[in-house]
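Each chain is listed here by its residues.
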Amino acid sequence: MKGIVGRKLGMSQVFDSETGAMTAVTVIEAGPCPVVQVKTVDTDGYDAVQLAFDAVAERKLSKPELGHLEKAGAGPHRHLVELRGSSGLSVGETVTVEAFEPGERIKVSGISVGKGFQGTIKRHGFTRGPVSHGSHNIRKPGSIGASAYPSRVFKGMRMAGRMGGTRVTQPGLVVHDVDLERNLLLVKGSIPGAKSGIVEIRAAS
């Protein structure tokens, strides 16, 4: 398992110097991420590595958080993220964007943009009803259950409600370029989340 934690900075365009072809990319500020804890099957029941990201002032963390980071020899960091799988890393090492190469296939996880309360057309892709002859079923969901039997609405019925704001993993992405000096990853296409959102970048398995 190879992975790193970063922050989505936004989208941009990159032009090929030879062909002039334009590629839409997402810019991610990734790492450096010190390894804070390594979990194994023997001690914890599963393999994982815990990475720290986004260095902050010591006053912004609680004493238990500071003690956990100091035990690993890492300074104060705002975010701790656990990545499942055996990594071959050890406590004290630092993961940087150098671990990734242009053309490498990856998957990115993040919290999708929250869109608030939405109807069934936007949330689930329902088709609207007729708009003529006095129809009152233009953007309504229609029937959600029978009246006699079972006289209730089944669990899991697709209805209006809160949309977005959930964890989403986007597979099939490709690293376009790596900027070692500025700790930047340029990924082809878009990734989940709003600007400044925290994301997890892992090698495609």
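As shown above, the structure is provided for reference.
Residues numbered from 1 in each chain as written. Predicted model: local features only at pLDDT ≥ 70, side-chain atom pairs only at ≥ 80, totals over all residues. Heavy atoms only, no water.

Peer 1: An account of the side chain of Q50 is requested, with residue identities and associated values reported.
Peer 2: Along the chain, the position of Q50 falls in strand β4 (residues 48-55). A polar contact is formed between the side chain of Q50 and the side chain of H68, at a distance of 2.7 Å. (Helix = DSSP H or I, 4+ residues; strand = E, 2+ residues; numbered from the N terminus. Polar contact = N/O pair within 3.5 Å; in protein donor to acceptor, adjacent residues only side chain to side chain.)

Peer 1: Outline the nonpolar core, supporting the account with residue identities and numerical values.
Peer 2: Ranked by internal contacts, the top residues of the largest apolar core, which has 24 residues, are I4, I28, L51, I106, L185 and I201. Look past the residues within four positions of I28 in its chain and what remains in contact with it is G6, R7, N183, L184, L185, V187, I191, V199 and I201. V36, V56, L69 and A72 belong to the second-largest nonpolar core, a separate cluster that totals eight residues. (Core = buried A, V, L, I, M, F, W, Y, C linked by side-chain atoms within 4.5 Å. Buried < 20%, exposed > 50% of the residue type's maximum accessible area, 1.4 Å probe, protein only. Contact = heavy atoms within 4.5 Å.)

Peer 1: Summarise the sheet that holds β4; cite the residues concerned and give the values.
Peer 2: Read from one edge to the other, the open sheet built from four strands follows the order β5-β4-β3-β6, with strand pairing classed as antiparallel. Both outer strands of the open sheet, β5 (77-84) and β6 (94-95), are each paired with one neighbouring strand and no more. Here β4 pairs with β5 via seven bridges, running antiparallel. The partner of A52 across the bridge, within β5, is L80. (Pairing = 2+ DSSP bridges.)

Peer 1: Kindly report on the pattern of salt bridges, identifying the contributing residues and their values.
Peer 2: Overall, the coordinates contain seven salt bridges when judged by the stated rule. Its salt-bridge partner being K2, residue E104 comes within 2.7 Å of it at the nearest N-O pair. A residue pair is termed long-range when its members are at least 10 positions apart, and E104 in the loop between β6 and β7 (105-111) and K2 in the segment before β1 (3-15) qualify at 102 residues. With a relative accessible area of 16%, E104 lands in the buried category. The exposure class of K2 is partly exposed, given its relative accessible area of 30%. Of the charged contacts in the structure, one is a salt bridge between E200 and R167, with a shortest N-O distance of 3.1 Å. (Salt bridge = Lys/Arg side-chain N within 4 Å of Asp/Glu carboxyl O.)

Keep in mind these values describe shape, not function.
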